[in-house]
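# Architecture at a glance
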Amino acid sequence: MLLGVFILINLSATAQEQPVEEDQLARAAFESAQLIDNHSSYVYPKGTLEMNIQHRFGLVNNGISDVFGIFGPSNIRLGFGYGLIDKLNVGFGYTKNKQFLDLNAKYAILQQTRSNKMPVNLTYYGNMAFDLRDGSNFLNTSDRVSFFHQLIVSRRITPKLSAQLAPSISHFNVVEGYVTREGEVEGTMKNNHYALHIGGRYKFSGQTSIIAGYDQPLTEHLTNNPHPNISFGVEVATSSHAFQIFFTNYNALVPQENNMFNPNDYQDGDFLIGFNITRLWSF
């Protein structure tokens with residue numbers, strides 16, 4: 001009996017000494033912070049510096065005359081981001097068209113686990129952009145400011161297939177309008193615009209994937225309603241690089257500009273060629 005008691009005490013002490021194994025995080029659903037025209041749910045680790053180059057050529061409609069938009073008017077954005085602390089990235093970027101300077105942040109609220117105790121990732125992305133163009137179009141400094149907020153829900157469904165769903169709200173301090181006979185200003189567009197993004201990636205080799213996305217406007221304006229966006233292409237990614245080349249009908253590179261003012265209608269063939277290049281450094 002004494003021997004049995006000693007054995008039980010020893011087993012109990014050994015069990016208490018062994019640490020409880022934590023539920024490990026699943027592999028990231030996406031390998032780049034960018035998914036064509038939208039942000040993915042991926043948040044870089046602490047101490048990671050990102051450089052991001054986004055380029056959109058002109059529309060392909062003119063055919064060979066401007067080499068399917070390659071020699072047409074282009075739009076470019078150069079951005080930088082940094083993993084400030086665990087789960088939080090901050091960054092900024094500068095866009096050619098309308099000279100947008102944007103300050104942005106991304107935070108991983110929830111992260112998918114291997115046991116599926118947490119079945120999805122939930123990430124917040126937001127920015128504040130400033131239109132820095134010269135001219136008298138802006139009466140006040142605040143007229144230059146716009147905002148974007150998005151919640152990104154994603155899941156790594158299989159080792160090859162990942163998908164995400166992301167509702168968003170875009171806000172411009174000043175939108176199109178007119179002055180009535182009574183001298184009151186009436187807006188033809190609303191200051192807030194709601195939209196929904198659906199995107200995905202399918203890996204068919206270790207480094208190469210097919211990527212696609214769809215963006216649906218939800219807000220109805222009195223005039224100039226934006227068109228939906230369809231995008232699809234190929235991504236080649238390594239641990240420190242990601243290169244995406246694709247077709248899209250978004251030309252702007254600040255998300256609120258795309259969601260609220262997209263003039264390109266895919267039903268009329270208004271597509272353009274674009275690419276994103278991402279480079280990472282760890283410190």
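Structural data are supplied above this passage.
Described below are features of the structure shown in this document.

Cut-offs and rules
- Residues numbered from 1 in each chain as written.
- Predicted model: local features only at pLDDT ≥ 70, side-chain atom pairs only at ≥ 80, totals over all residues.
- Heavy atoms only, no water.
- Helix = DSSP H or I, 4+ residues; strand = E, 2+ residues; numbered from the N terminus.
- Buried < 20%, exposed > 50% of the residue type's maximum accessible area, 1.4 Å probe, protein only.
- Contact = heavy atoms within 4.5 Å.
- Areas by Shrake-Rupley, 256 points an atom, 1.4 Å probe, with all protein chains shown as cover.
- Pairing = 2+ DSSP bridges.
- Axes fitted to C-alpha atoms, helices over the stretch in contact; angles between N-to-C directions.
- Polar contact = N/O pair within 3.5 Å; in protein donor to acceptor, adjacent residues only side chain to side chain.
- Salt bridge = Lys/Arg side-chain N within 4 Å of Asp/Glu carboxyl O.

This brings us to the overall build of the protein chain. Within the protein chain, the regular secondary structure consists of two helices and 16 strands. Put simply, the protein chain has 283 residues, and 43% of those count as buried. Of all intrachain contacts in the protein chain linking residues separated by at least 6 positions in sequence, the fraction that spans at least 24 positions is 57%. Carbon and sulfur atoms provide 63% of the accessible area of the protein chain, an area that totals close to 15,400 Å².

Here we come to the sheet that holds strand β8 (residues 145-156). Pairing in this closed barrel of 12 strands is antiparallel, and the strands run β3-β4-β5-β6-β7-β8-β9-β12-β13-β14-β15-β16 around the ring. Each strand of the sheet is rotated relative to its neighbour by a mean of 20 degrees, with strand direction disregarded. Of the strand pairs in this sheet, strand β12 (residues 192-203) and strand β13 (residues 208-217) are connected by nine bridges, and their pairing is antiparallel. In the strand pairing of β13, Tyr-202 is matched with Ile-210.

This next bit is on the side chain of Thr-123. As for its position among the elements, Thr-123 is in strand β7 (residues 121-131). A polar side-chain atom of Thr-123 sits 3.0 Å from the main-chain carbonyl oxygen of Ser-41. With sequence-adjacent residues up to four places away left out, Thr-123 is seen in contact with Ser-41, Val-43, Lys-106, Tyr-107, Ala-108, Ile-109, Gln-150, Leu-151 and Ile-152.

Further remarks concern the pattern of salt bridges. In the structure shown here, the tally under the stated rule is seven salt bridges. The salt bridge partner of Asp-102 is Arg-77, with a shortest N-O separation of 2.9 Å. You can see Asp-102 sitting in strand β6 (residues 100-110) and its partner Arg-77 sitting in strand β4 (residues 75-85), a full 25 residues away along the chain. Take Arg-77: its relative accessible area is 7%, and that puts it in the buried class. Glu-257 is the salt-bridge partner of Lys-98, the closest N and O atoms lying 2.6 Å from each other. Of this pair, Lys-98 sits in the loop between β5 (88-95) and β6 while Glu-257 sits in helix α2 (residues 255-261), and the two are 159 residues apart along the sequence. Note on Lys-98: relative accessible area 31%, which makes it partly exposed. The exposure class of Glu-257 is buried, given its relative accessible area of 11%. One network of salt bridges, in which partners are shared, links Glu-31, Arg-201, Lys-203 and Glu-235.

Before going further, it helps to examine the pairing of strand β16 (residues 272-282). Judged from the 10 bridges that link them, strand β3 (residues 48-59) and β16 form a sheet pairing that is antiparallel. Pairing of Ile-53 across the sheet is with Ile-277, part of β16. Sheet topology note: the strand β15 (residues 241-248)/β16 ladder contains eight bridges and is antiparallel. In the sheet register, Thr-248 faces β16, and the bridge partner there is Leu-272.

Turning our attention to the environment of Lys-160. For Lys-160, the position within the fold is in the loop between β8 and β9 (161-172). Lys-160 gets classed as partly exposed once you look at its relative accessible area, which sits at 44%. Among all residues touching Lys-160, those that are not within four sequence positions of it are Arg-201, Tyr-202 and Lys-203.

At Lys-98, a position not held by glycine, the phi torsion is positive, near 65 degrees. The backbone of Gln-99 shows a phi angle near 50 degrees, a positive value even though the residue is not glycine. Considering the arrangement of structural elements, one finds Gln-99 in the loop between β5 and β6.

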